[in-house]
Amino acid sequence: MNWIAIGDISDIPLRGARCVKTQQGKIAVFRTAENEVFAIEDHCPHKGGPLSQGIVHGTAVTCPLHNWVISLETGKALGADEGEVRTIPVRNDNGALSIALESLMMAAE
């Protein structure tokens with residue numbers, strides 16, 4: 001698997017996110033209160049809201065537009081809502097973060 005360096009965990013605030021622009025679109029990289037890191041597509045499956053601007057709680061994010069809750073682990077909408085976004089593998093090597101290039105390319109095909 002080819003990994004693309006995207007920065008350091010300290011670049012992302014606790015319970016916050018940063019965006020990475022790729023040829024396949026924006027990827028939101030989240031850091032939970034427990035220092036877990038997840039990456040998903042930066043658009044809500046409901047109306048395309050910017051998930052990177054949502055509220056992180058546990059291992060989920062709430063979309064800022066219509067309050068859909070998306071699992072950071074699976075990319076699936078939680079509760080009664082249906083839909084999902086693509087998850088991207090993230091590697092945390094002593095704080096140095098990387099995302100998997102292959103998963104982005106495969107999804108674009």
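Not measured: the values here are computed from a predicted model. (Residues numbered from 1 in each chain as written. Predicted model: local features only at pLDDT ≥ 70, side-chain atom pairs only at ≥ 80, totals over all residues. Heavy atoms only, no water.)

So, about the overall build of the protein. Of the regular secondary structure elements, the protein holds 1 helix and 10 strands. Counted from the first residue to the last, the protein has its helices and strands arranged as β-β-β-β-β-β-β-β-β-β-α. For the protein, whose C-alpha radius of gyration is 13 Å, the value lies close to the compact-globule estimate of 13 Å for 109 residues. Projecting the C-alpha coordinates of the protein onto the three principal axes gives extents of approximately 35 × 35 × 20 Å. Residue burial in the protein is summarised as follows: out of 109 residues, 39% are buried. In the protein, the share of contacts with a sequence separation of at least 24, taken over all contacts with a separation of at least 6, comes to 36%. Carbon and sulfur atoms make up 47% of the accessible area of the protein, which amounts to about 6,000 Å² in all. (Helix = DSSP H or I, 4+ residues; strand = E, 2+ residues; numbered from the N terminus. Rg over C-alpha atoms; globule rule 2.2 N^0.38 Å. Buried < 20%, exposed > 50% of the residue type's maximum accessible area, 1.4 Å probe, protein only. Contact = heavy atoms within 4.5 Å. Areas by Shrake-Rupley, 256 points an atom, 1.4 Å probe, with all protein chains shown as cover.)

For the rest of this paragraph, the subject is unusual backbone geometry. The phi torsion of most residues other than glycine is negative, and most of the peptide bonds are trans. Residue Asn-67 is not a glycine yet carries a positive backbone phi of 65 degrees. Among the secondary structure elements, Asn-67 is positioned in the loop between β6 (60-62) and β7 (69-71). A positive phi angle is found at Asn-94, which is not glycine, with a value near 55 degrees. Tracing the chain through its elements places Asn-94 in the loop between β9 (90-93) and β10 (96-100).

Read from one edge to the other, the open sheet built from 4 strands follows the order β2-β3-β4-β8, with strand pairing classed as antiparallel. Since the sheet does not close on itself, it has two edges, and those belong to β2 (16-22) and β8 (87-88), each with one partner. As defined by bridge partners, strand β4 (residues 37-41) adjoins β8 across 2 bridges and the pair is classed as antiparallel. Among the inter-strand pairings, Ile-40 is bridged to a residue of β8, identified as Thr-87. (Pairing = 2+ DSSP bridges.)

This brings us to the pattern of salt bridges. As enumerated under the stated definition, the model contains 1 salt bridge in all. Between Glu-41 and Arg-86 there is a salt bridge; the shortest N-O distance is 2.8 Å. A residue pair is termed long-range when its members are at least 10 positions apart, and Glu-41 in strand β4 and Arg-86 in the loop between β7 and β8 qualify at 45 residues. The pair formed by Glu-41 and Arg-86 is uniform in burial state, with each residue classed as buried. (Salt bridge = Lys/Arg side-chain N within 4 Å of Asp/Glu carboxyl O.)

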